[in-house]
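Topology and contacts: notes
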Amino acid sequence: MEQEIKAEFESSGFSVDDDDQILQKCLTYCINYKLSPSDLVSNWEIYYLNRQLNGLKLENAHMDGFLSYLQNETKQKIIKEDSHLHVYSSDDVEMLLGDDHDSTVGILNTPNSQYKKLHVDTYNSVSTPKTKENLLSSKDATDISSRITPFGQRISKFSSQFVFNSESVENRLSGQELNDMEDDIIRRVQTTERCNLQVHNLQPQSDCRFMYDRTKDRFNYLDNRIRKHANAFTSYGLYGEPSDATLASQKNTFAVGMVCCDGEGHLNEKSILMQGSTELSGGRRVRLDLQKLAHFSLFPGQVIGVEGHNPSGHCLIATKVIDYLPSSLDDDLPPAKKLAMDQDYQPTSSNDSRVLSLLIAAGPFTTTDNLLFEPLKELLAYASRRQPQLVILMGPFVDSDHPEIKRGTVDRVFDDIFHVEILRKLHDYTKYMGPSARVILLPSIRDAHHDFVFPQPAFDIRLPDDISHQIACLPNPGLFSANEITFGCCTIDILKQLSGEEISRTSTDTMSGDRMGRLVTHILGQRSYYPLYPPSLGVPLDLSLAPEALDIPLIPDILILPSDLSPFVKALSHKENDAEAATKCMCVNPGRLAKGIGGGTFVELHYNSEPEKSNASIIRI
């Protein structure tokens, strides 16, 4: 067919550069756009005249522009014929997946019914054998995506970007095994032991009513936080009884309050105020002078304890700032709701049970140039090889920031996309892996098919009976235990937001280079998944729903905070007071599974009773 294409160009007066790549690209265009050689040349003539190109020689430099022209023409044609069909943008690389209507008219009545037949089956028909037509169309779509998309053409697959505790890392997949993952049949490996799951937080409920947040709710929440910190300081007697910071006094006093800004902009050393509780100071604010401090790190909404004096009654001169919440004697996990999958679970205190292998990934799960969810497919294929006991997937799943969704050109209901592209793939994964596989789903405020509120209820989905005990949906933020290892998770990008609001002064004798570690320490020290107030722009914080869902009742073994910032795995020592030893916490930012039109990162973690004996790898998909 390449010779036919070349002959058509020559009959129209054009010569083809002696480069096989040009003819190969032309052949690809004919196949993907269902063009005959004569139609292709006709389109080239229109493009040639519109662009006023010089010479009659077809060169490789012209092919990218010609491809964009074909994409735009095809898009306009399809929109004109049927506005209900999904059309990819001009940034897509050859991803028009609609089948030829004429070839299916005898089987299906309309293009819409064909689309539903292929993609929107109910779960009851997941295991139903596919028809020959469906198999062919699915295979064609897979071939096109793997051959054309930039993600499918990536070179470095599953390469390790960072290793935590590298001396204890298990052997990774060999290069030959990675190549074998491209095969249609993935080699089955030995099944793993089932992990035990317990969910400690189910608030807010999935049927909750939101957008009823009142100023009173916010004020009460903030005042309760200040009083909670003041009571914790009082319980331990570390710095004396908290007093009213707004009263003039020449003596050193100890006060507890929340950091505020005296204006609309960002914090600076001249604009820091501290708001006291209604119980001690009637909620009044006082200016905070930090000139005597060698180092500090503050942000709006942070509750701190301050030692200092207020000679005039208008400015508290600080000599010491305590920015963590001392642990309370009654700190404990909230009562756990045992999942149906773990009815036979008997808790034990042995360290042998605190062992777990897991994969952690955060959305988006598809690239910005299409809605094929290729990164998710690759992740589940990797999980099928590695056989982790637990897979944690954190939203967004149907990303409201995806170009196609933002433009409104998607012709599917968002719930259908979630059920077909996410849940069906997870159904196949759990069926293949067997009953030992466990999957946890956490929503994001960027999920177009879910409630836009924070804290956010879990997905309200009805799973098939055969996988309902293997897939658990948690609220955002979520707290759960797996094999007695406590996890705290939140999909709000609090690290990025704190990074933009924090001000700090570091001394030369302190380790100030680990800014990410400092930001995570703020979250642990404040015992809150979202200690920032006022909330960042775009965060639908509703404190009337379940404000207790934002609290971190005790330091988790593993804290997962997905962020657009650089992915990391850190073992942090959180000092809860001056008398006790520091608590070890492993903090993970898995990054985003998809970044732009390419792949992102995820984390593979093997936890063994404590961070020092555990290992983790940040892997590029």
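This one's a predicted model, so the numbers in the text were calculated from it and none came from an experiment.

Structurally, Gln 526 is set in helix 15 (residues 515-526). Taking the relative accessible area as the measure of exposure, Gln 526 reaches 2% and is therefore buried. Taking the C-alpha atoms as reference, Gln 526 lies 9.4 Å from Pro 326; in sequence the two are 200 residues apart. Not counting residues up to four positions away in its chain, the partners in contact with Gln 526 are Arg 225, His 229, Phe 299, Gly 301, Gln 302, Val 303, Asp 323 and Pro 531. At 2.8 Å, the side chain of Gln 526 and the side chain of Arg 225 are in polar contact.

This part takes up the environment of Phe 210. With respect to the helices, strands and loops of the structure, Phe 210 is situated in the loop between strand 4 (197-199) and helix 9 (215-236). Remark: the alpha-carbon pair of Phe 210 and Val 453, spanning 243 residues in sequence, is separated by 7.3 Å.

Let's shift gears to the nonpolar core. Phe 454, Val 520, Ile 523, Leu 559 and Leu 561 are the most contacted members of the largest nonpolar core, which has 44 residues in total. Listed by contribution, the elements that provide at least two residues to this core are helix 9, strand 5 (249-261), helix 14 (494-501), helix 15, strand 20 (568-574) and strand 21 (583-589). Residue contacts for Phe 454: discarding those within four places in its chain leaves Ile 445, Asn 476, Pro 477, Cys 490, Ile 492, Tyr 530, Val 539, Pro 540, Leu 541, Asp 542 and Leu 550. Counting residues in hydrophobic clusters, the runner-up holds 39 residues, among them Leu 376, Leu 393, Ile 422 and Leu 593.

Under the definition given, this model contains 19 aromatic pairs. With 6.5 Å between their ring centres and 70° between their planes, Phe 9 and Trp 44 make a pair best called edge-to-face. Here Trp 44 lies in helix 3 (residues 37-51) and Phe 9 lies in helix 1 (residues 2-11), a separation of 35 residues in the sequence. A residue is classified by how much of its surface remains accessible, and Phe 9, at 0% relative accessible area, is buried. Of the residues examined, Trp 44 reaches a relative accessible area of 1% and is grouped as buried. Put simply, the rings of Phe 9, Phe 14, Tyr 29, Trp 44, Tyr 47, Tyr 48, Phe 66 and Tyr 69 pair up and form one aromatic cluster. When the ring centre of Phe 151 is taken as origin, the NZ or CZ atom of Arg 154, which lies over that ring, is 4.0 Å away. Above the ring of Phe 568, the side-chain terminus of Lys 570 is found at 5.6 Å from the ring centroid.

Reading the values: the criteria
Residues numbered from 1 in each chain as written. Predicted model: local features only at pLDDT ≥ 70, side-chain atom pairs only at ≥ 80, totals over all residues. Heavy atoms only, no water. Helix = DSSP H or I, 4+ residues; strand = E, 2+ residues; numbered from the N terminus. Buried < 20%, exposed > 50% of the residue type's maximum accessible area, 1.4 Å probe, protein only. Contact = heavy atoms within 4.5 Å. Polar contact = N/O pair within 3.5 Å; in protein donor to acceptor, adjacent residues only side chain to side chain. Core = buried A, V, L, I, M, F, W, Y, C linked by side-chain atoms within 4.5 Å. Phe/Tyr/Trp six-rings, centres within 6.5 Å; stacked < 30°, edge-to-face > 60°. Lys NZ or Arg CZ within 6 Å of the ring centre and 35° of its normal.

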